[in-house]
Each structure stands twice: as structure tokens, then as C-alpha cells.
Amino acid sequence: MTKDKVKIILVDDHKIFREGLAFMISKLKNFEVVGEASNGKAFLKQIEELDADIVIMDISMPNIDGIEATKRALTKNPDLKVIALTMFCDEDYYYKAVQAGVSGYVLKDSGKDELIEAMETVVSGENYFSQKILHHILVSLDKGKTNKSDQENDKVKLTNRETEILNLICQGLSNSEISDKLCLSLRTIEGHKSNLLSKTGVKNSISLVMYAIKNKYVNISLF
């Protein structure tokens, strides 16, 4: 195996689905599958032995589900990047996955290009979340379906530029893409993002998106 390749573990209780993913990844130049597991329990045994960079994790599985498996895995290896790959287009699952520490959230009905983009994004140190699940959450929010206690959280005061950048983050743009779009330096964008994380008290981009949605910072007309 080539050391330069990004090492991936596939965790899903459907063998035929794992085999399909493994075949797809085998055609990629910079990624390789080093392990597979049919449930969270089997996966947690594997990470003791395998040096993996990314885990593509199903959420609903027997024995130990993907949420609990993610929590335990990141306790052992905080640098591990977990991408939740699931059929659940539901904000409750999304929030639980984010709280567990996933770096990405992709739906199973997405195309292979989106999954590849998610893999490349989390490897670069950023977070990736499916625009479909984000749109679903925004629509639910617009219809007043979100939890009232979440909507009653105290909102922090953001500058106009911070609000603009927050909306672009919620649209899934990376720091470099935001930099290009706003004609600002990458360092400036990173500075604003750091301020957003500090003001809101969250740790990463996915949690920042969740915070923005819950507290209605996001302009739903953009989606």
C-alpha cells in the first residue's frame, strides 16, 4: 500500500453497499480502503490495529450505532475524520452526528462526486455537510418546526461582514472559496471565522452552521 494515499475504513451493515463504495474508492488516485466493518462494535476493534485517516460511517447499525461508534473512536483518536454517510435526511440525526464529532455529513442518495468532495474537504482540515440536509433543516425552521428551546438561545451580536461570511459558510463554501467570492485575503477570512467561533462558543464549521440555523442567522432565501 502506498503511504501517500489517504486511508479509509468503511462501516456499514450492508455488505453490497460497502463493496460498491470500496470499488469506487479503488479507482481514486489518492485514497484507499484499508478496512471494513459491518457495525460499530467491529469497527472499534479495527481502529486499534489500523492506521486510518477517514471513516465513512453509517448511522443506523446493529450492536453499536454510528453515533456512539463515532464518539468512542474520536475519544481514542481525536485526529480521525468521520464522514456520516446515511439515508437519514433529518435534523435530529444531523445534530446528534455533529455533537458526536463528525467532520462530514453526506446522504446516501448523493452522487459519487459529492462523497469524493466530502473526503477531500475533511482531509484538508475543513468540514463538509450535504446541502440537501441543510436545506431540509432550513425549510423546517422556516415552518416553525424546530425546537422552541433552541430558538430561545441568546443571540450574539455579529458585524455585517461576519454575518455575510456566516451565510457563505452555511452554503458550504470553503475558506478559499469565500476568499475568492468576497475578494478578501484568505487570512482575513480565517480571522473572521475565528471570531465567529469565539463569539458563538462552538468548535468547528459544522457546529457553527448548526448554531446559525438554530438562532436564525441564516438567510433562508439564499437556499
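Residues numbered from 1 in each chain as written. Predicted model: local features only at pLDDT ≥ 70, side-chain atom pairs only at ≥ 80, totals over all residues. Heavy atoms only, no water.

A few words now on the nonpolar core. The biggest cluster of nonpolar side chains holds 53 residues, and the ones touching the most others in it are Phe43 and Tyr94. Per element, the largest residue contribution to this core is seven residues, and it comes from helix α11 (residues 205-214). Ignoring any residue separated from it by four or fewer positions in sequence, one finds Tyr94 in contact with Tyr105, Phe129, Ile133, Ile137, Ile206 and Val209. In terms of nonpolar packing, the next biggest core, distinct from the first, is built from 20 residues, Leu21, Leu85, Ile116 and Met119 among them. (Core = buried A, V, L, I, M, F, W, Y, C linked by side-chain atoms within 4.5 Å. Buried < 20%, exposed > 50% of the residue type's maximum accessible area, 1.4 Å probe, protein only. Helix = DSSP H or I, 4+ residues; strand = E, 2+ residues; numbered from the N terminus. Contact = heavy atoms within 4.5 Å.)

Confidence in the prediction of the protein chain, expressed as mean pLDDT, is 85, and 89% of residues score 70 or more. When pLDDT is averaged over each element of the protein chain, strand β3 (residues 54-57) comes out on top at 97 and helix α7 (residues 148-151) at the bottom at 48. Per-residue pLDDT stays below 50 along residues 148-152; that stretch engages in six contacts with residues further than four places along the chain or on separate chains. (pLDDT = per-residue confidence, 0-100.)

The buried fraction of strand β1 (residues 6-11) amounts to six of the six residues, a majority that puts the element mostly inside the structure. By the alternation rule, side chains of β1 split into Val6, Ile8 and Leu10 and Lys7, Ile9 and Val11, which are all buried. Considered for its hand, the β-α-β crossover made up of β1, helix α1 (residues 15-26) and strand β2 (residues 31-37) is right-handed. (Right-handed = clockwise from strand over helix to strand, strands pointing away.)

Contact geometry of α1 with helix α5 (residues 112-123) gives a least axis separation of 12 Å together with a crossing angle of 70°. Classified by the angle their axes make, α1 and α5 are roughly perpendicular. Where α1 crosses over α5, the handedness of that crossing is right-handed. Residues Leu21, Met24 and Ile25 of α1 pack against Lys112, Leu115, Ile116 and Met119 of α5. Taken together, the residues that form the contact of α1 with α5 break down as six nonpolar, no polar and one charged. (Axes fitted to C-alpha atoms, helices over the stretch in contact; angles between N-to-C directions. Parallel < 35°, antiparallel > 145°, perpendicular 65-115°, else oblique. Left-handed = near helix turned anticlockwise from the far one by under 90°. Nonpolar A, V, L, I, M, F, W, Y, C, P; charged D, E, K, R; others polar.)

Attention now moves to unusual backbone geometry. Backbone geometry at Asn63 places phi at a positive 65°, although glycine is not the residue there. In this structure, Asn63 sits in the loop between β3 and α3 (66-76). For Cys183, which is not glycine, the phi dihedral falls at a positive 55°. Given a relative accessible area of 70%, Cys183 falls into the exposed group.

This part takes up a negative patch on the surface. Among the surface-exposed residues, Asp113, Glu117, Glu120, Glu177 and Asp180 lie close enough to one another that they form a single negatively charged patch. For the negative patch, the secondary structure elements donating two or more residues are α5 and α9 (175-182). Considering each element in turn, the negative patch owes the most residues, three residues, to α5. With respect to the element layout, Glu117 can be found in helix α5. (Patch = residues over 30% accessible without salt bridge, like charges linked within 9 Å, V, L, I, M, F, W, Y side chains within 5 Å. Areas by Shrake-Rupley, 256 points an atom, 1.4 Å probe, with all protein chains shown as cover. Salt bridge = Lys/Arg side-chain N within 4 Å of Asp/Glu carboxyl O. Lys, Arg positive; Asp, Glu negative; His and termini not counted. Charge placed at Lys NZ, Arg CZ, Asp CG, Glu CD.)

What follows covers the pattern of salt bridges. Applying the stated criterion to the full structure yields seven salt bridges. Among the salt bridges present, the one from Lys108 reaches Asp12, with a minimum N-O distance of 2.7 Å. A residue pair is termed long-range when its members are at least 10 positions apart, and Lys108 in the loop between β5 (104-107) and α5 and Asp12 in the loop between β1 and α1 qualify at 96 residues. Since its relative accessible area comes to 3%, Asp12 is described here as buried. Members of the salt-bridge network, linked through shared partners, are Asp12, Asp58 and Lys108.

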